[in-house]
Amino acid sequence: MIEFLTYDLKVAVLLAVFYMFYRLLLARETFHRVNRIVLLLTAVASFVLPLCVITMHETVAMEIPEMPLVDTDFYVPDVPVEEPQTPLWQILLPILFIMGMLVTLGHTLWSLFRIVSLISKSEKHPQSDGTIICVTGNADMPPFSWMIFIVMNRSDFEEGNAAILTHERGHIRLHHSWDLLLVDTLTSLQWFNPAIWMLRSDLRAIHEYEADGVVLSKGIHARQY
């Protein structure tokens, strides 16, 4: 377990360094597609690079000295060997890490369960583009999308707001749900690292900018939207 924690610490350092460079060089740019790719690569590369080991082979000629003859006919007394005790921090640190990981992962799984439950209980309206509009009876539910599903309350559905539907279809067409699944899974392994939470927040903001761009590209007036 200590070996895994050491690996995870290396991941945390790489993630913090890569994210710092992103904030300095790209965060203010409006190339949202590029920023999205960079953030995803930052997350994945931080987990992959510590696993890469570079080995170099060098042939070295060694002289084997002549070993003197030793009389092996002698008695070696048995000496009891005390096993070293495991330091307390090596016990508490893995427990703390696992607890944080389970809480973070549990929150993600609970959110997924709520979404799936909401979709399964909703009134479904398949669309010609392959998406499915799910109408829920919760009047306070704001529109959102997950995979191929667009969830909205009945009032928004009956209003038929083209901007809302185009925005959510943009999320679906750009596969934003898969980004969130990946980053949320990695976050459970880096729950102690502020960089992964900031990266996650930036990625969600970029998703909204991309979906807004889809709306504006469809000719919907920017001021009205």
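Below, the structure is looked at part by part. (Residues numbered from 1 in each chain as written. Predicted model: local features only at pLDDT ≥ 70, side-chain atom pairs only at ≥ 80, totals over all residues. Heavy atoms only, no water.)

**Thoughts on the overall build of the protein**
Now for step 1: Within the protein, the regular secondary structure consists of seven helices and four strands.
Now for step 2: Partitioning the contacts of the protein with sequence separation of at least 6, the portion at a separation of at least 24 is 64%.
Now for step 3: With an accessible surface of roughly 15,900 Å², the protein has 65% of that area assigned to carbon and sulfur atoms. (Helix = DSSP H or I, 4+ residues; strand = E, 2+ residues; numbered from the N terminus. Contact = heavy atoms within 4.5 Å. Areas by Shrake-Rupley, 256 points an atom, 1.4 Å probe, with all protein chains shown as cover.)

**Concerning the nonpolar core**
Now for step 1: Ranked by size, the top nonpolar core spans eleven residues in total: L15, Y19, Y22, L39, L40, V183, A195, I196, L199, L203 and I206.
Now for step 2: For this core, the secondary-structure elements that each account for two or more residues are α1 (2–25), α2 (32–48) and α7 (194–217).
Now for step 3: Ranked by the residues each element gives to this core, the list is headed by α7, at five residues.
Now for step 4: Once you skip the residues sitting within four places of it in the chain, L203 turns out to touch R36, L39, L40, D179 and V183.
Now for step 5: Judged by nonpolar contacts, the second largest core, of eight residues, contains I132, C134, M141 and V151. (Core = buried A, V, L, I, M, F, W, Y, C linked by side-chain atoms within 4.5 Å. Buried < 20%, exposed > 50% of the residue type's maximum accessible area, 1.4 Å probe, protein only.)

**A short note on unusual backbone geometry**
Now for step 1: The backbone of M147 shows a phi angle near 55 degrees, a positive value even though the residue is not glycine.
Now for step 2: Looking at the secondary structure, you find M147 in the loop between β3 (144–146) and β4 (149–153).

**Section: the pattern of salt bridges**
Now for step 1: Tallied over the entire structure, the rule returns eight salt bridges.
Now for step 2: With a shortest N-O distance of 2.6 Å, R36 and D179 are connected by a salt bridge. Of this pair, R36 sits in helix α2 while D179 sits in helix α6 (residues 176–189); the two residues are 143 residues apart in sequence, bridging distant segments of the chain. The same class applies to R36 as to D179, namely buried.
Now for step 3: Note that E210 and R36 form a salt bridge whose closest N and O atoms lie 3.4 Å from each other. (Salt bridge = Lys/Arg side-chain N within 4 Å of Asp/Glu carboxyl O.)

**What about α6?**
Now for step 1: When the terminal C-alpha atoms of α6 are compared, their 21 Å separation across 14 residues agrees well with the 20 Å that a helix rising 1.5 Å per residue should span.
Now for step 2: Its buried side turned inward, α6 meets α2, α3 (89–121), β3, α5 (162–173) and α7. (Expected span 1.5 Å × (residues − 1).)

**Regarding the packing of α1 against α2**
Now for step 1: Contact geometry of α1 with α2 gives a least axis separation of 8 Å together with a crossing angle of 160 degrees. With respect to α2, the element α1 is oriented roughly antiparallel. Here α1 and α2 pass one another in a crossing that is right-handed. Residues Y7, D8, V11, L14, L15, F18, Y19 and Y22 of α1 form the contact with α2, whose participating residues are N35, V38, L39, T42, A43, A45, S46 and F47.
Now for step 2: In terms of residue class, the contact of α1 with α2 is made up of twelve nonpolar, three polar and one charged. (Axes fitted to C-alpha atoms, helices over the stretch in contact; angles between N-to-C directions. Parallel < 35°, antiparallel > 145°, perpendicular 65-115°, else oblique. Left-handed = near helix turned anticlockwise from the far one by under 90°. Nonpolar A, V, L, I, M, F, W, Y, C, P; charged D, E, K, R; others polar.)

**A closer look at the pairing of β4**
Now for step 1: Judged by how many residues are buried, β4 sits mostly within the fold: four of five residues are covered.
Now for step 2: Here strand β2 (residues 132–136) pairs with β4 via five bridges, running parallel. Looking at the pairing, C134 lines up with V151 of β4.
Now for step 3: Judged from the three bridges that link them, β3 and β4 form a sheet pairing that is antiparallel. The residue bridging S145 from the neighbouring strand is I150, located in β4. (Pairing = 2+ DSSP bridges.)

**A look at α5**
Now for step 1: For α5, with twelve residues, the first-to-last C-alpha span of 16 Å sits near the 16 Å given by 1.5 Å per residue.
Now for step 2: Packed against the buried residues of α5 are β2, β3, β4, α6 and α7.
Now for step 3: A distance of 2.9 Å separates the backbone nitrogen of A163 from a side-chain oxygen at the start of α5, and that oxygen is part of N161.
Now for step 4: Just past α5, the residue H175 takes up positive phi, approximately 60 degrees. (Polar contact = N/O pair within 3.5 Å; in protein donor to acceptor, adjacent residues only side chain to side chain.)

**A few points about the sheet that holds strand β1 (residues 123–126)**
Now for step 1: In spatial order, the strands read β1-β2-β4-β3; together these four strands make up an open sheet with mixed pairing. Two strands bound the open sheet, and with one partner strand each, they are β1 and β3. Here the strands of the sheet are splayed against their neighbours by 25 degrees on average, with no regard to which way each runs.

**A few points about the side chain of D184**
Now for step 1: Tracing the backbone shows D184 in helix α6.
Now for step 2: Of note is the side chain of D184, whose polar atom sits 2.6 Å from the side chain of R200.
Now for step 3: Among residues more than four places away in sequence, those in contact with D184 are T108, R200 and R204.

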